[in-house]
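# Working through the structure, step by step
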Amino acid sequence: MKPNDRSRVAVYPGSFDPVTYGHIDIIRRSAKQFDQVIVAVLNNTSKSPLFSVEERKEMLREVTSDLPNVTVDSFRDLLVRYMKSRNANVIIRGIRSVTDFEYELTLASTNRLLDSEIDTIFMMTDPKYSYLSSSIVKEIAMFNGNVSELVPPFVEQRLAEKYQSKD
Ligand code: ADP
């Protein structure tokens with residue numbers, strides 16, 4: 001769908017290293033609320049991710065391929081500036097806990113300071129994913145544990161390949 005002035009375009013930014021069922025739940029629910037959802041992988045050179053930006057995008061594309069109004073992109077600019085370039089005015093973030101909330105409140109307030117036309121909308125996690133994070137998935141996969149309840153099969157496969165190649 002092509003964004004026009006009146007379409008509601010939301011950006012769901014994050015590391016997605018890798019995408020989990022918790023992220024996918026937020027993406028699916030957002031896709032029902034907005035005309036277009038852009039899942040934007042933060043290309044952050046200060047973190048040392050397991051997967052490259054291209055690998056993370058590939059996994060995100062695969063797991064959202066049935067959602068016609070969801071696109072996958074990456075950015076390394078200030079989020080609010082990236083949003084302007086994509087004609088988007090809503091940031092989506094997921095909340096799992098009070099700890100998430102405190103961190104997210106700081107982020108949202110900062111983004112509001114930088115651009116007051118952009119709003120952050122929070123989605124509460126599905127309780128069954130409230131413990132789920134990319135870090136937990138990586139920790140389990142690193143020790144060859146079963147992550148099939150936490151990530152889709154495509155991502156599970158990529159994790160296995162990554163850790164095999166690291167042996
Ligand atoms: P970041 O480094 O930006 O926190 P993440 O990929 O860890 O990137 O998370 C992206 C967003 O998804 C954040 O808003 C985070 O709170 C949310 N999120 C992560 N895991 C879950 C989950 N299990 N349920 C709901 N939201 C989640």
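Below, the structure is looked at part by part. Bear in mind the structure is a predicted one, so any value in this text is a computation, not a measurement.

Scoring rules and cut-offs
Residues numbered from 1 in each chain as written. Predicted model: local features only at pLDDT ≥ 70, side-chain atom pairs only at ≥ 80, totals over all residues. Heavy atoms only, no water. Core = buried A, V, L, I, M, F, W, Y, C linked by side-chain atoms within 4.5 Å. Buried < 20%, exposed > 50% of the residue type's maximum accessible area, 1.4 Å probe, protein only. Helix = DSSP H or I, 4+ residues; strand = E, 2+ residues; numbered from the N terminus. Pairing = 2+ DSSP bridges. Axes fitted to C-alpha atoms, helices over the stretch in contact; angles between N-to-C directions.

### A look at the nonpolar core
- Core analysis: the biggest nonpolar cluster contains 34 residues, and Val 39, Leu 60, Ile 92 and Leu 159 have the highest contact counts within it.
- Counting residues per element, the ones that place at least two in this core are β1 (9–14), α1 (21–33), β2 (36–42), α2 (53–63), β3 (70–75), β4 (90–95), α5 (134–142) and α6 (153–166).
- Grouped together as the second largest cluster of nonpolar side chains are twelve residues, Phe 75, Met 83, Ala 88 and Ile 118 included.

### A short note on the sheet that holds β3
- If you walk across this open sheet you meet the five strands as β3-β2-β1-β4-β5, and the pairing is parallel. This sheet does not close on itself; its edge strands, each paired only once, are β3 and β5 (119–124). The mean inter-strand angle of the sheet, taken between neighbouring strand axes irrespective of direction, is 30°.
- Here β4 pairs with β5 via six bridges, running parallel. Pairing of Val 90 across the sheet is with Asp 119, part of β5.

It is worth stressing that arrangement in space is one thing and function is another; only the former is reported here.
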